[in-house]
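As a plain string of letters, each chain reads:
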Amino acid sequence: MLRVDLRDLARGPVETRGELGQADPVLEGLDVALGAPVVVTGRLQAAGEGRFYWHGTLRTVVTGECRRCLTPVTAPVAADAHALFTQDPEAQDDPDAYGLAAEVLLAVPRFLQCREDCRGLCPQCGKDLNAGPCGCAPVTDLRWQALESLKDKLRS
């Protein structure tokens, strides 16, 4: 959790550092499996009467399955984040504002892959093609059969 004594801002910007665990209420509703706490570092400064601007970075690790071969995958996530805080309770309910959980969610890759050249699973037998070929015969889509016969006629 990040806590700052606002009186420290009288001397200038304050460096911040903290960790948000997976069970932290700030991350509630985050539909991503975190493999590590979210490390938050940044700088807080006064931005007018009762207003404070924070700029920093969020770093964590997400876990999931490779979208092609379904093996377990972990991926580092890093994002720049900006936030404007205010002591005005009405301004904190602004529907256009979003919190740190949204910043993490926006930084997470939509799909995880074990590696860039992952060959995936055989659609017939389900074997992991990264371990080698499976031996299944290639499947020809019958919708292309008419074009195949046309290709043979054009070659002759």
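Computed from a prediction, not measured in an experiment: that's the story for all the values here.

Draft legend 1. Representation of the nonpolar core within the structure. Counting residues in hydrophobic clusters, the biggest one holds 27 residues, and the most contacted among them are L27, L34, V38, W54, L58, V62 and V104. Of all the elements in the fold, those that place two or more residues in this core are β1 (14–20), β3 (38–46), β4 (51–65), β5 (72–86) and α1 (100–107). Element by element, the count of residues in this core is highest for β5, at 5 residues. When sequence neighbours within four positions are dropped, the list of residues in contact with L27 reads L20, G21, L34, V38 and A101.

Draft legend 2. Summary view of unusual backbone geometry. Its identity is not glycine, yet L70 carries a phi of approximately 70°, on the positive side. Of note, L70 is situated in the loop between β4 and β5. Given the relative accessible area of 46%, L70 is considered partly exposed.

Draft legend 3. Structural context of the confidence of the model for the protein. Confidence in the prediction of the protein, expressed as mean pLDDT, is 86, and 91% of residues score 70 or more. Mean pLDDT per element in the protein: α1 is the minimum at 80, and β3 is the maximum at 93.

Draft legend 4. Structural view of the side chain of T16. Structurally, the position occupied by T16 is in strand β1. A polar atom in the side chain of T16 sits 2.9 Å from the side chain of W54. Not counting residues within four places of it along the chain, the set of residues in contact with T16 comprises V4, V40, T41, G42, R43, L44 and W54.

Each value, and the rule that gives it
- Residues numbered from 1 in each chain as written.
- Predicted model: local features only at pLDDT ≥ 70, side-chain atom pairs only at ≥ 80, totals over all residues.
- Heavy atoms only, no water.
- Core = buried A, V, L, I, M, F, W, Y, C linked by side-chain atoms within 4.5 Å.
- Buried < 20%, exposed > 50% of the residue type's maximum accessible area, 1.4 Å probe, protein only.
- Helix = DSSP H or I, 4+ residues; strand = E, 2+ residues; numbered from the N terminus.
- Contact = heavy atoms within 4.5 Å.
- pLDDT = per-residue confidence, 0-100.
- Polar contact = N/O pair within 3.5 Å; in protein donor to acceptor, adjacent residues only side chain to side chain.

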